[in-house]
Structures are given as C-alpha cells and as structure tokens.
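Chains, contacts and geometry: an overview
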Amino acid sequence: MIDKVKKELEIRFPLLKLVREQHNYLHVKVERVSAMDAIVMAKTTLGFTTLQLISTIDRLEEDVFQITWILENYDLCTILLISSNYPRENCIVPSLSQIWPTASAFEREIFEMFGISFPGNPREGEDFLLEDWKDTPPMRRDFETEEYSMRVYGERQPREHLDPRQYIGDIVGEWNTPMGRKREEEK
Amino acid sequence: MGVNPATDPKKTTHLFFGPQHPGVTGNMSIEMWFDGDQITKAITHVGYLHRGFEKLMEKRLWIQNFPLVCRICVPEPDINEECYALAIEELTGIEVPERAKWIRTLVLELARFAVNLMAFGGQAGTLGLGTAAMWGITFRDFVLDLFEELTGARIYHIYIQPGGVRRDLPPGFENRIEEVLTKIEERLPELDRLVLNNAIFKLRTQNVGVVKPEWIKEYGLVGPVARGSGSVRDVRKDAPYEIYNKLDFDVVTETGNDIYARALVRRREIDLSISLIRQILSGMPEGPVATKLPNLTEWRVPAGEYYSRVESSRGEYGYYVVSDGSLKPRRVHVRGPSYVHAVPLLERMLVGANIADVSNIMVSLTTCPPEIER
Amino acid sequence: MKFTDVISPFLAWSRAAKKVDTIPYPNQQNPGADRYRGFHINDTSKCIGCGRCEVICENKAIDMVKVDGVEPTKGDSGLRPKVDYGRCCWCALCIDVCSTGSLSLTNKYSWVTENPDTCVYTPGVDQKAWDSEEKGFRQENDVLGWAGSPREQMEIETPEKRIENFDEVVKGYTVDQAMEEAARCIQCGLCISACPAHMHIPDYLKAIAEGRFVDAVKLFYDNNPLPEMCGKVCTRECETVCAMGYQGESIAIRWLKRFACEQFESLADVLALEAQPGEPNGKKVAVVGAGPSGLSAAYYLSRKGYEVHVYDRLEKGGGVSWYAIPEYRLPADGITKQMEVFEQTGVIFNYGRDITAELLADMENRFDAVYLAVGLQKPSDARIKGEDIPEVKPAFDFLMNSPDKGEMLTGKKVIVIGGGNVAMDTARTCVRLGADVVLSYRRRVQDMPADDEEIHEAMEETIDFRPKTIPIRIERTESGIRYLYHEAKMVDNPKGGRPLPKPKDDVEHAVDADILFSAIGQTSDIEFIPESMQKEMKLKWGRIIVNDNQYTGYKNFFAGGDITPGEGDAITAIADGLRAVKGIIDRLK
C-alpha cells in the first residue's frame, strides 16, 4: 500500500524527499509550490480522506516554518505526513478549510501561536486560545517565556541556592591556580 | 467575542455556557444562540486551561517531560506517556523488553477500564442520575488503588518511560487485579439496571446527539464517537502497538449513531478491557522491565520526526515529536481526538439541539479541553 | 421502551443495605500504598551533596543548601537538598537519579500547617513526623539504572599475551567510546574535592563528551603540566569519590585524560600561545629535581615571567615517576612529547648535575628563590636478617635501570617483598623477563597499598601471591638463596587502624630463589643540604616540614614533592609545585 502511494507521489512530484517510511506510515517533504497539489492528490486519488493535524515547526536557524499536514487513510489506518517549508517573514500558507471542516480550527490555532496567515479560512483571526495577545506569537522560537514573564510580572526574589560544582571549586580553591582560570559565572 | 448572531437579536437568547459549570467537561465554554430552546448557533471557546505545555516541553530535557505530558489528561494519563515514549523509542532505536511491553499494555488497559467506568456513569450523571455517576467514580477508585500500588500515584502515574516502565509489578499484584475485576464485574449489572435499563436514560439519549456515519471520514472522528455510528476503527486492531496483536479481541461497534449507542460502546469496552486484562495477566512473560538509558541530563535524541499513535478511551491519540538532535525536543505536538470532537463536530451537532441536551451531548463526545489547548 | 425500564432503576436501593465503599475519615485512616510517592526523606549521612536531584527536577523545587553540622569534605560537598512543596509534583525523578540512593519518598501524604512557609524543608535535617517511615517510593537502581551506569569497557591485552613483552597493557579508548564515557559525567564536581591539584575535571569531561579535545587539553594544563603521565599512572583519587561510583562504576577520568592527550602528536602545538614564557620580570628561580613537582613549579613560574633553571641528577627530565614505572604502564617515548611543552615555555634544564651542598650554596646566591623537589633517593632497609646478601637487591634500583633492555631472567626464580606499586612493577617486570615470581606481603591483599587494578592485573599474570607472610630471614644456599617466613594471622590493632599481622605458629616456611627484590619503600637522603641550612629548616624523619605555601622557613627556600611528608604520588607532587608557585610569587613581590 505505502509503496504504491510513494510511487504515485514520486511520479507526480519528482522533487519529493522521503523522510520516513514504514508499512503504514509515510512522511514526505515536498516543494512549497506542490504542497497543496500533493494534499489534494492524496485526498482525491490515494484515499487519504481525513485530515488529522496541521502542525508547525519553527526552524528559526533556517528562517523557515515547516508546516506538516498529517493525513490518514481511514480504511487502512495509514498515515501520510506531507511537510513543506515556508519563509518565516510574513508567512502565508493556503487554507484547507474548504476541503476539510476540521482544518479551520487547526489553522486558527497556528495563526495565534505562530502568526502564520491562512487566507481562505473564513474564521481566520477569530480568537481561539489567546485573547488580546499583542506580543510575539508565543510558540515561535524567538518568544522567550522567561523574559516575557520577567517583563510582565516582574522579577521574583531568587531563592538561596548553591551549585555543588562551583561551591566545591570555591572551597578547595580550584580557581586559585597560578594561571587563574576563571570561575564559570565570572567569565 | 466579536461574533454577531446570525439571527434577529430580538428573537434569540445569547448565552455563555461554561467555563465553570458542572455540566461542562473540563474548563471550556460554549457560546450559544437560542430560538426558544433550540440552539441556532454554537461556538466553542477554549483557552481557560492553556498552560503552554508544548512550549514548556521545548524548554525541558527529554526525560523531564514525562511528569508534564501525563498532565494533559487527568482520567487517562498513560496514553500520553505511551505516545511520547513510543516516539522517543522510534527516534532513538531503544528496544523495549518483552515484559515491559506487556506491563505497558496492562497499564493502558487498566486506565481505559477506569476511564470508561467513569464516563459510563458520568453519562447518566449529566441527566441528573447522580447515583450512577457516583458508582462509576467508585469503581474507578478501585482501579486507582491498583495504580497507587503499581506506580506510587493515583492520577499522574509517570510510569511508562522510554525503554520500558519504571518499576516491576509488586509481588501478588496479579491477584489484586483479579480481585478488583471480580468485584467490579459482580456489581456492573447493578449499574446496567440504573443506566442502560432506565426509562429516563433511554428517553433522553436515544435519537439524541446523532453522529451521522458520513461525518466520520469528513471530520476524522475516532473512538466511541465513531464506533457508535458503525465504524470499526481502533488503532489497537488496525495499527497494533505494544502487544495488542497478541491479544484476542473484536472491535466494539454499535450502529445506533446516538448517545445511547456511544454509552453502549463504552459499556462494552468495559467488558473488553476486563477480558484483555485477564489475557495479559495470563500471558505475562518474565524478564527485565526497562532498558538502560544514557545519562539523562546528557541524553540527545537523534534528529528526526515521528508521529506516534495509540488508541485512547476517546479514540486515536497522536504525538508529533520533532528532535533536532539536542538535549531538548524541538517540537512536541499533541493531537487529541477532542480537537475535532469539541470544536468542529460539537459546533455542528449543537445546531438544532435542545438546550437541556448540551451537556449530555458534550459528555457523550467526552470532550477534553486540555487536548485542544496544550 | 419496556415496562421494566421504569422499575429497574429503583433496584439501586438494594445498595442501601450494603457496606459503603467510602472510607470514614478520620475514624479510619487511609495509608498510602507501599510504593506511594509521598513526602521526602533523606539519609543525610549517605547523601554526598552531588546535586543530581536538583538538576533533574523539572519544577526547580529542589535547592542545594548549606546545612549545620555537615561540613564539606573530600567527596562530599556538604550541601543537602531542600524541597519546596509549593513546586514539587512528586514525580520522583529525584529518587530514581539519586547517586547514593539516600533520597526517598515515604507513603505519608498529609501535612496540615498554618504557615505555608514551613512547606519548604530540608529532608533529613529538619525533623518531620515521617522521618522514620519505612514504606514509600524507594530507588530501584537494578531495574532502572538511572543512578549509576557501568563504565565504557576499554580493550585490555590478555594476560597470556602481555607477559610476553613490554607493550602497553591498556589500549586506550576510541573516540566514540571516550565521548560516551565522558557523557556519563553528571557534573557534580565532587572529584575536584579529591584531586590534590584540583583539576577542572567536570569541565574537561564535558569538553571530551562534546568532542572539544583541544579545550580539554588546555583545561588540563591550567593546573597540571603532566596530563599524559597522569592519564596513565595517576592514583586517581578523583575516581574514588565519583558520584557515579556509588551504584555504578566511576567515570574513567584517568583514561579520558590519557585519551585526550593521545589525540595529538604534539601537545606544545595544541597549547601554542598558552604555553609561552610570560613577560620577563627579571627574577630567577632554581628548581632542584625534574620530577613532577619540580616540573610543575617550573612550568607555571616560567609562564609567570620568571627565569627558571631546573637541575637534575639524571640525563633527562621526568623524574623517577617516569623512569621507575615500567614500559607496559608508561612508555618512555611519551616523555619527549611532554618535555617539549616545558621547553616551549622557556624553562632552562641542567641535566646530569649532582646536587651537592656547594651547588645549593651557589644557588642561594645566584637565584631569588629555590624550590627543592628532589624526591626520595634511598631504598628503605628491609630489616630482615640476611639482607646484605648480594642476591638481595633493592627493587627500585632494578626498575630505574631500564630492566626491559637488560638481561633476561628466563627460568630464574624471583621473590619480591612488598605490596606497593613498586612491588607490583618489579614482579610484573620479572614475569615479562621470563622469571617465576613469588610475591610476599605481611598483610592481606586488601591492605596492599598498590592500585587495585595493578594487583588484579598482577594476579592474572601468573604471579604467586603470598599475602600474610612475615619474613624471618634470608639464607644463602648452594645454588642461590632461601627465604624463610611465618604465616600470619591478623589481630586487631589496639591503637586502632589496620589489623596487625602476627605469626600464626612457629612453623618456618621456605622458598628457594635466585634473586630477592625488596620493595618496601624509599627514604629521603638530605645529606646534600648543608647543616647550616638544615638547622633553620624543620625536619622530621628526614623530610622537610613546610607551610601551606611549601615554604621551608629558610630564606627563600621552598620544598615539595616526596621530600616533604605527604601521599607520595605524582599528583600530590604536582599540587605541591602549584602551591610553591603561589608561595614564591607572594614572597618575591
């Protein structure tokens, strides 16, 4: 079954990259331009009639968002993951809410959490989890939770605490050597 | 909430149901518009439970996420641990000893058993049949005693680990499971008389909250919601994990499409769990229960992505785990069945429903907001 | 819908006559299960304060804090975990990773208090009602293995093969093995408290685990200029206190040090700018003895800008620790690689110079400070009747004269007396030269001062161990010598300490042999120090007593290494050198 799916996808999308293959599991990476075609093809001709999940990975180092659509062939309990990279700046991804009624909720969440826009979703922008969030979308890698909580809620009194490794070093005079390597914190 | 009702405001009632209401499962709310006592439009609002689990997981070591993932589901924490552990094992290639697989299956089945007992009684509870709900909770408590003995905790077990489980079964544990099974089995007919053979229950649930079979594929419905409408989907059967392929069972399915059918599925799942637990206990092999892991604070999971699936009491449950080869996960995306059951499906099912049936319908879908707002 | 459906719910009333399932608290208590994850207890005498619990706690509920009555010692940071029950989620990860298994959870879960601040406490130190509770969640390391893991196994030559030649017994780690082994380190730093030189062990293990071998070597040289030697023959006090050693095997710190050094052809190139002479400050220091202690002092003084002259009786640097240790443990060609570093640092070596009173007097005039690190020169007397027979030889002299290049002992029978590393080295060298070896030691095997590994390997190499043998006398026979001894029994020492060997009976046992090596230690020879100087110094049993900065009390004279009382191993000597550098810098300010 998976062999057939793989072959048909490969014929249609020669640039496809295989990520993982098992007897009831296939993960492929396609070019951005072919992502929608691959999903539609999977639904209409390959039997992957259900959208299980739309997931986003913030690949900050590569400056892209990796969007993964997880589709399922219900009768065979087979999973197909289709991934594609989208540039991080003003990221726009086509919506699937016209094809699947479930897509809307996934896309609303991604819009809130990553700031990715899905034009074509009739309920885009409707509050999902967050209300009146003005900051960086929270699931982005460059959103620092600790920094945010310090900024918004103020710093807390740190508790009394000693790091055994540094404490032992202080007691035995580990850094009191002729060449004087510095203690971690003082560097 | 900036959404305007579609109908004439003079004729409709606009109501917020939840987030704090005994009829709501978990902390979520439904914004509803009524014409008389008929719902004309419903919107699910979540966000009251959002604790940023997925963000937090990216900040913690792989092993430190186990005390976190179990908290996504109170009644059935083990599926989260199992899903997360399965993904890590797939990415790292860690082997699980045979006995650990059996113990894991035992734990998952015990948890399913407990949650179905509670959900079955709870379904009657939404109709004011408090006794049935209390009995369901009591039966579940007997199972929680077993969990306490096995894992050291009643609710958040933190028992399944990559490469196995954290402890072996205590001596004589099999006998105690059998005692509890027998005790509950003896008393289940009482619960049946109170719930399934109850005129009120039948009147309020039959032909109410209908899930049409054609919705199953469209929405991706799973678990009792799908199986109450004739589906035979069950990950335990279709994509067996752990040792489910060594157990003898048939997928429970009903064709009533209504709440009564879903309650019946849960009731039959209870019997199925009892049978599976007995099969597991009789076939349990000896051997080690955990594979040695590397230094936990220096443990790097090789880069890769995996979507692991298990069957929870509510249906197919998935974890999309992404590693970039570092000490911490790159992304963990939890996909619970409530995502579609509580948002698109519930919004659709409630239209045309009676206001008195809202919590009834919601409980029959066992919506669980933590799965939506991890 | 049936008529019975109206009736059947009322049958629930039948329950009213039966026993309730609810527990009537508080009349009936509901104790936690045997494995319940309740409140913490800590056996503070077993706890070593490694802080592993603090690191693993994902909620940051545990803080390591100082507590009254527990002082930091070797192998114990003196810190103990303090738990904040406002944050704890009782996941018990801290229990499963506890390196000594001292931390546990009890099955108690009820704690009523008016003051929420008391819910922060130090288990085992702050008295609690559940301190002596027997039941609860306990570590089961044999199931999980999170608290201690086995060591990465290194390839070692088989005993049959290794007695045929003087090739190195230990093969060394491969890169993968080393990185894996180093990654076992939990970064607690207890090892630093045990290392006499206080090397940055956690840091260089981390560097090795991450493949940064150059960084590792640079970290070695921060307070040990002889890392390759230490990587092979160090007494490795660090490994005795390793937190991983309590329930698993300690990290192979010594082998990892050796591994990192062996990754490079030239250590001088690796260090490059970090092993250059410092800005000259116009001061001159003489170092007497080119052993580990002298070399250490020389290296750091030179790096600090002093002009350093090293004098040694031998023709090469490295000292006895290099020459007396046999090839199969410490190959002599490694010395060149290490000495390059010292030369690059600008240390001036004067080899082949006998250390005499005149030379010392001359130094006193020509140098701003003198560091005496001459070591021990004279073998101790065995004090056995007949030790003046020519076939009875000091083991130390035998080892110093490159026995691997000397004559074979094929077919000869050799007796070695002693239980230290020198005895092991001698016995194992003789086996390699083809001799039959009997090793005689007064006490039990576990009392032997030699390294456990050395003893173990020696036993594998067909050496006839005769522990608990008290020498009586050595006699001359027609073909060689005869060694006579009593078998001993161990009696308790009235003064405390190790049990004493006493003759079991009057039976005299005899062994015939060709040669007997006595390896019962070395003593100092301080005759080269002029009496006028000796008077000003504090001496005890031929050793120089020094203060914390290795200062002798005489003018600008410092001393260190084996000539001062101490452990008598290389790493202690190196540590002495480091202290002397500080002392000299302070004094010459």
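Not measured: the values here are computed from a predicted model. (Residues numbered from 1 in each chain as written. Chains lettered and ligands numbered in written order. Predicted model: local features only at pLDDT ≥ 70, side-chain atom pairs only at ≥ 80, totals over all residues.)

**Topic: the overall build of chain C**
Our working definition: Each helix corresponds to a stretch of at least 4 residues labelled H or I by DSSP, and each strand to a stretch of at least 2 residues labelled E; elements are numbered beginning at the N terminus. The exposure label follows from counting other C-beta atoms within 10 Å of a residue's C-beta, where the C-beta atoms are placed from the backbone and the thresholds are 20 or more for buried and 12 or fewer for exposed, leaving partly exposed in between. Once C-beta atoms have been placed from the backbone, residue pairs whose C-beta atoms lie within 7 Å are recorded as contacts.
In terms of regular secondary structure, chain C is built from 22 helices and 23 strands. Structurally, chain C occupies a C-alpha span of about 120 × 65 × 50 Å along its principal axes. The proportion of buried residues among the 589 residues of chain C is 47%. Counting only contacts in chain C whose residues sit at least 6 apart along the sequence, the fraction spanning at least 24 positions is 73%.

**Some details on the overall build of chain B**
Along the backbone of chain B there are 14 helices and eight strands. The buried share of chain B, taken over its 374 residues, is 57%. For chain B, long-range pairs separated by at least 24 residues make up 70% of all intrachain contacts whose partners lie at least 6 apart in sequence.

**Description of the packing of helix H4 (residues 98-125) of chain B against helix H11 (residues 259-283) of chain B**
Residues and elements named next belong to chain B. For clarity, the cut-off: All axes are obtained by fitting lines to C-alpha atoms, using only the stretch in contact for helices, and the reported angles, taken between N-to-C directions, cover 0 to 180 degrees. Throughout this description, any angle smaller than 35 degrees is read as roughly parallel, any larger than 145 degrees as roughly antiparallel, any in the 65 to 115 degree range as roughly perpendicular, and the remainder as oblique. Crossing handedness is defined as follows: a turn of the near helix away from the far one that is anticlockwise and smaller than a right angle gives a left-handed crossing, while the clockwise case is right-handed. Any residue that is not Ala, Val, Leu, Ile, Met, Phe, Trp, Tyr, Cys, Pro, Asp, Glu, Lys or Arg is counted as polar, Gly included; the first ten are nonpolar and the last four charged.
Contact geometry of H4 with H11 gives a least axis separation of 9 Å together with a crossing angle of 155°. Relative to H11, the element H4 lies roughly antiparallel. Regarding H4 and H11, the two cross each other, and that crossing is left-handed. Taking contact as the criterion, the partners of Trp102, Thr105, Leu106, Glu109, Leu110, Arg112, Phe113, Asn116, Leu117, Ala119, Phe120 and Gln123 in H4 are, on H11, Ala263, Arg266, Arg267, Glu269, Ile270, Ser273, Ile274, Leu276, Ile277 and Ile280. A per-class count over the contact of H4 with H11 returns 13 nonpolar, four polar and five charged.

**Notes on the pairing of strand S3 (residues 38-45) of chain B**
Residues and elements named next belong to chain B. Filter applied, for reference: Here the rule is simple: two strands pair whenever DSSP picks up at least two bridges between them.
Alignment of strand S2 (residues 29-35) against S3, held across seven bridges, turns out to be antiparallel. From the neighbouring strand, Ser29 faces S3, where its bridge partner is His45. Joining the antiparallel neighbours S2 and S3 is a turn of two residues, in which Gly36 adopts a positive phi near 70°.

**Side note on the interface of chain C and chain B**
Contacts between chain C and chain B engage 35 residues on the former and 30 residues on the latter. Grouping the amino acids of the side of chain C that touches chain B by side-chain chemistry returns 22 nonpolar, four polar and nine charged.

**So, the domain arrangement of chain C**
Applied cut-off: Domain start and end points were adopted from an automatic or database domain assignment.
Parsing chain C into structural domains produces domain 1 (40-144), domain 2 (159-271), domain 3 (280-377 + 526-535 + 553-587) and domain 4 (379-522). Here the C-alpha centre of domain 3 of chain C lies 48 Å away from the C-alpha centre of domain 1 of chain C.

**Focus: the packing of helix H3 (residues 78-92) of chain B against H4(B)**
Helices that pack against each other are described as a pair by the angle of their axes relative to one another and the distance between those axes. All names here are of chain B. Between H3 and H4, the shortest axis-to-axis distance is 9 Å and the interhelical angle comes to 145°. Along its contact with H3, which presents Asp78, Ile79 and Glu82, the element H4 presents Arg104, Val107, Leu108 and Ala111. Classifying every residue of the contact of H3 with H4 by side-chain character gives four nonpolar, no polar and three charged.

**Structural notes on the sheet that holds strand S7 (residues 315-323) of chain B**
Residue and element names in this part refer to chain B. Read from one edge to the other, the open sheet built from three strands follows the order S6-S7-S8, with strand pairing classed as antiparallel. Looking at the sheet topology across the chains shown, the edges are occupied by strand S6 (304-312) and strand S8 (331-335). Sheet twist, expressed as the mean angle between neighbouring strand axes with direction ignored, is 15°. Taken together, the nine bridges between S6 and S7 define a ladder with antiparallel strand orientation.

**Let's talk about the interface of chain A and chain B**
Residue-level contacts link 31 residues of chain A with 31 residues of chain B. Broken down by secondary-structure element, the contributors of at least two residues to the side of chain A that touches chain B are strand S1 (17-22), strand S3 (50-59), strand S4 (64-73), strand S5 (78-87) and helix H3 (103-114) of chain A. Ranked by residues supplied to the side of chain A that touches chain B, first place goes to S3(A) with six residues. Of the residues that constitute the side of chain A that touches chain B, the class distribution is 16 nonpolar, ten polar and five charged.

**Focus on unusual backbone geometry**
Between Tyr25(C) and the following residue, Pro26(C), the backbone shows a cis peptide bond with an omega angle of 0°. With respect to the helices, strands and loops of the structure, Pro26(C) is situated in the loop between helix H1 (4-7) and strand S1 (40-42). Positive phi, normally seen in glycine, also occurs at Thr366(B), with a value near 40°. Along the polypeptide, Thr366(B) turns up in the loop between helix H13 (358-364) and helix H14 (369-372). Even without a glycine there, the phi angle at Gln187(C) is positive, about 60°.

**Topic: the environment of Thr174(C)**
Residue and element names in this part refer to chain C. Along the chain, Thr174 turns up in the loop between helix H5 (159-162) and helix H6 (175-182). For Thr174, a count of 13 C-beta atoms within 10 Å puts it in the partly exposed group. C-alpha of Thr174 to C-alpha of Phe259: the two residues are 85 residues apart in sequence and 8.1 Å apart in space.

**Looking at the environment of Glu62(A)**
All names here are of chain A. Looking at the secondary structure, you find Glu62 in the loop between S3 and S4. In this structure Glu62 comes out as exposed when scored by C-beta crowding, with 11 C-beta atoms within 10 Å. Each C-alpha atom of the pair Glu62 and Arg88 lies 9.0 Å from the other, and the pair is 26 residues apart in sequence.

**Structural notes on helix H16 (residues 334-344) of chain C**
All names here are of chain C. The criterion, for reference: It is the directions from the helix axis to the C-beta atoms that the arc portrays.
Turning to H16, its buried residues are Gln338, Met339, Val341 and Phe342. Buried residues of H16, viewed axially, fall in a sector of 145°; they line one side. On its buried face, H16 sits against helix H10 (227-233), helix H13 (267-271) and helix H14 (292-303).

**With respect to the pairing of S5(A)**
Residue and element names in this part refer to chain A. Note: strand S2 (residues 25-29) against S5, five bridges, orientation parallel. Across the sheet, Leu26 pairs through a bridge with Leu80, a residue of S5. Pairing geometry for S4 and S5, over ten bridges, is antiparallel. The residue of S5 that forms the bridge with Val64 is Pro87. Turn length for the S4-S5 hairpin, with the two strands adjacent in sequence and antiparallel, is four residues, and the turn residue Cys77 shows positive phi of about 55°.

**Concerning the environment of Gln139(C)**
All names here are of chain C. Looking at where Gln139 falls in the secondary structure, it is placed in the loop between strand S5 (120-121) and helix H4 (141-144). For Gln139, a count of 23 C-beta atoms within 10 Å puts it in the buried group. Between the C-alpha atom of Gln139 and that of Thr100, which follows or precedes it by 39 residues, the distance is 9.7 Å.

**Some remarks on the sheet that holds strand S9 (residues 369-372) of chain C**
Residues and elements named next belong to chain C. On the basis of which strands lie adjacent, the open sheet formed by five strands has the order S8-S7-S6-S9-S23 and parallel pairing. Each edge of the open sheet carries a strand with a single partner, namely strand S8 (348-350) and strand S23 (557-559). Across this sheet, the average inter-strand angle for adjacent strands is 20°, counted without regard to direction. Pairing of S9 with S23 involves three bridges; the strand directions are parallel. In the sheet register, Tyr371 faces S23, and the bridge partner there is Phe558.

**Structural notes on the nonpolar core**
The test is simple: The nonpolar core is taken to be a set of buried Ala, Val, Leu, Ile, Met, Phe, Trp, Tyr and Cys residues joined by way of C-beta atoms within 7 Å.
Ile82(A), Leu110(B), Leu221(B), Val321(B) and Cys94(C) are the most contacted members of the largest nonpolar core, which totals 177 residues. For this core, the element with the most residues is H4(B), which contributes 16 residues. Setting aside residues up to four positions removed in sequence, Val321(B) forms contacts with Tyr84(B), Ala87(B), Ile88(B), Leu91(B), Tyr306(B), Ser308(B), Pro329(B) and Val332(B). Of all hydrophobic cores here, the second largest spans 138 residues; its members include Tyr221(C), Val233(C), Val392(C) and Ile585(C).

**Some points on the confidence of the model for chain C**
This is how it is decided: pLDDT is defined as a per-residue confidence score from the predictor, taking values between 0 and 100.
Residues at a pLDDT of 70 or more form 100% of chain C, whose mean pLDDT is 87. Reported for the predicted complex are a pTM of 0.88 and an ipTM of 0.90.

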